[in-house]
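Chain residues, written in single-letter form:
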Amino acid sequence: MKKRFLSAAAAAVAAVALLTACSGGQQESTASQSTEAAGTTEASGETAEASEEAPAELKEIVVGASPAPHAEILKAAEEVLASKGYKLKIVEYTDYVIPNNALDSGDLDANYFQHKPYLDSFNEQNGTKLVSAGAIHYEPFGIYGGKCSSLEELPDGASVLVPNDISNEARALLLLEAEGLIKLKEGAGLEATQKDIVENPKNLKFVELEAALLPRSLPDEDIAVINGNYAIEAGLKVSDALATEDAESLAAETYGNIVAVREGDENREEIKALMEALTSPEVKEFMETTYEGAVVPLF
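Residues numbered from 1 in each chain as written. Predicted model: local features only at pLDDT ≥ 70, side-chain atom pairs only at ≥ 80, totals over all residues. Heavy atoms only, no water.

Enquirer: Lay out the sheet that holds strand β5 (residues 142-145) with the relevant residues and their values.
Expert: Spatially, the five strands line up as an open sheet ordered β9-β6-β10-β5-β11, and their pairing is mixed. Each end of this open sheet is capped by a strand with a single partner; those strands are β9 (205-209) and β11 (243-244). Here strand β6 (residues 159-163) pairs with strand β10 (residues 223-226) via two bridges, running parallel. Counterpart to Val160 in the pairing with β10 is Ile223. Its contacts with the sheet place helix α6 (residues 166-178) against β5, β6, β9, β10 and β11, and it is angled at close to 140° to β6. (Pairing = 2+ DSSP bridges. Helix = DSSP H or I, 4+ residues; strand = E, 2+ residues; numbered from the N terminus. Contact = heavy atoms within 4.5 Å. Axes fitted to C-alpha atoms, helices over the stretch in contact; angles between N-to-C directions.)

Written out as structure tokens, the structure is:
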């Protein structure tokens, strides 16, 4: 009897030990699974955090521009362009020739400084194939006083500074004609040159200069007809001009400042994004509040 009792007790102890061992194994397995799950969740959190900290790299667009107002307007468009996935690199130029050469050679994706008549003239003279991706704004040409402070006081034989490139000189002559200072041959229009002057009652003497140099030379001459962007750069205000182009004039309708690209690039995604940014409400507001009529949006 005693042996049977001991055997039963031993069996009971063994059973308890076995149950305890099984329970402990389940707990360890559960704890291990919990630890692994926690590690997976933590790793997932780290991956998500790393993803947030490393946004997609912006694609660069390189655009050439004159310092004012074009480069300033481009800077105003940077944030809008970034929201479309592009980073803007602005290369500033102070003349009208190099930025077109740089665009033609592929150093630029686009440029923004000129109107279409000038671009057409440049293409014809240089054999380039640059085209307009669209017009952005218009800058009224102005007659500014140098030695002479009013057109009424302009003396006989007065000296008049005008741009020396074909399209801008025509524009200057049209403004002088609108003010009654000269008369051009009928039909001369946007291709007018000094040879088309048929009446010059004040015997005005024309001094041709590169457009960028006109403001600097203004004090040396009686008056100058200056491009809007170079007037802005020189600190000249439209309100100080002796005369400006009428908003309904042929010049105003024709000389909108454009974004130029190589032929065939008009439909590239980055060019479309650039045009959308430049014609956004944010950029329009910037133009209207910053330039006080010297830059007029065309959208």
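Enquirer: Can you explain the packing of aromatic side chains? Please cite residues and give values.
Expert: Overall, the coordinates contain six aromatic pairs when judged by the stated rule. Ring centres 5.6 Å apart and planes at 45° place the aromatic pair Tyr96 and Phe113 in the tilted group. Residue Tyr96 is located in the loop between β2 (86-92) and α4 (98-105), and its partner Phe113 is located in strand β3 (residues 110-115); the two are separated by 17 residues in the primary sequence. The two residues Tyr96 and Phe113 agree in class, both being buried. (Phe/Tyr/Trp six-rings, centres within 6.5 Å; stacked < 30°, edge-to-face > 60°. Buried < 20%, exposed > 50% of the residue type's maximum accessible area, 1.4 Å probe, protein only.)

Enquirer: Break down the pairing of β10 for me, with residues and values.
Expert: Across the two faces of β10 the burial is the same, with Ile223 and Val225 and Ala224 and Ile226 all buried. Sheet topology note: the β5/β10 ladder contains four bridges and is antiparallel. Its bridge partner being in β10, Gly145 is matched across the sheet by Ile223.

Enquirer: Before we move on, could you go through unusual backbone geometry and cite the residues and values that matter?
Expert: Residue Ala68 is joined to Pro69 through a cis peptide bond whose omega torsion reads 0°. For Asn203, which is not glycine, the phi dihedral falls at a positive 50°. Mapped onto the secondary structure, Asn203 falls in the loop between β8 (197-199) and β9. Assessed through its relative accessible area of 42%, Asn203 is described here as partly exposed.

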